Structures are given as structure tokens and as C-alpha cells.
Amino acid sequence: MTNQLKKPNISSGQGLLWLFGAILVIQGFGSAITEAGWDTSFGIAGLMQAAHMPEWTTLLVGFAGLTLLAMAARRHNVRKRADRQP
């Protein structure tokens, strides 16, 4: 019997990266667009407005979401390549 190294199960962490990234992108950029176009706030923009933060901080939330999505995509590609290796 050969000893095979078990690969750690990172699928739940991977799924959370995708989920939180998507939520932050939608909340960040969606709030910024809604605030600019219709002068109304929802979600993250409403919270940041109540905290007296500048309006551009919602864009930072959107970019943080893009960063999480990029990290998730990179980890997905690395894992897919590793699974192809014999």
C-alpha cells in the first residue's frame, strides 16, 4: 500500500472567497452607482453615510470585492493545475 498525501479540503474557504467577493463588488459598486445616479443610498453606502465617511469609500469596498474575486480565481486555477499533475 502506498502512502498518498491527503490534499487539504479548501473548497469551503474557496466558496467563501467567491461569495464575499461577489457581495462586496455588488454592494460597493452598486451603492456607488445608485448614490451617483439616483441620489439614494442602500446597503453599504447607507451605513457609510451614517458613519460620515466620504462617498468614495463605497468604491473601496467594490475594489476589495474585486481583490477577493481575483484571489479566488487564482486559487481555483492553481488547484485545477495541481489536480492535472500526476
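Residues numbered from 1 in each chain as written. Predicted model: local features only at pLDDT ≥ 70, side-chain atom pairs only at ≥ 80, totals over all residues. Heavy atoms only, no water.

Novice: What is the right way to read the overall build of the protein chain from this model?
Specialist: Per the secondary structure count, the protein chain includes three helices and zero strands. What you see in the protein chain, going N to C, is helices and strands ordered as α-α-α. The buried share of the protein chain, reckoned over its 86 residues, is 21%. Looking at the protein chain alone, contacts between residues at least 24 apart form 67% of all its contacts between residues at least 6 apart. (Helix = DSSP H or I, 4+ residues; strand = E, 2+ residues; numbered from the N terminus. Buried < 20%, exposed > 50% of the residue type's maximum accessible area, 1.4 Å probe, protein only. Contact = heavy atoms within 4.5 Å.)

Novice: What is the right way to look at a nonpolar patch on the surface in this model?
Specialist: A surface patch of nonpolar side chains, about 500 Å² in accessible area, is lined by Trp56, Leu59, Leu60, Phe63 and Leu66. Within the secondary structure, Leu59 sits in helix 3 (residues 57–84). (Patch = residues over 30% accessible without salt bridge, like charges linked within 9 Å, V, L, I, M, F, W, Y side chains within 5 Å. Areas by Shrake-Rupley, 256 points an atom, 1.4 Å probe, with all protein chains shown as cover. Salt bridge = Lys/Arg side-chain N within 4 Å of Asp/Glu carboxyl O.)

Novice: For this particular structure, what's the right way to read the packing of helix 2 (residues 43–50) against helix 3?
Specialist: A pair of packed helices is captured by two measures, namely the crossing angle of their axes and the spacing between those axes. Two elements in contact, helix 2 and helix 3, have axes whose closest approach is 9 Å; the angle formed by their N-to-C orientations is 135 degrees. Between helix 2 and helix 3, the interaxial angle falls into the category oblique. Both helix 2 and helix 3 take part in a crossing whose hand is right-handed. Here Ile44, Ala45 and Met48 of helix 2 come into contact with helix 3, specifically with Thr57, Thr58 and Val61. In the contact of helix 2 with helix 3, the residues fall into four nonpolar, two polar and no charged. (Axes fitted to C-alpha atoms, helices over the stretch in contact; angles between N-to-C directions. Parallel < 35°, antiparallel > 145°, perpendicular 65-115°, else oblique. Left-handed = near helix turned anticlockwise from the far one by under 90°. Nonpolar A, V, L, I, M, F, W, Y, C, P; charged D, E, K, R; others polar.)

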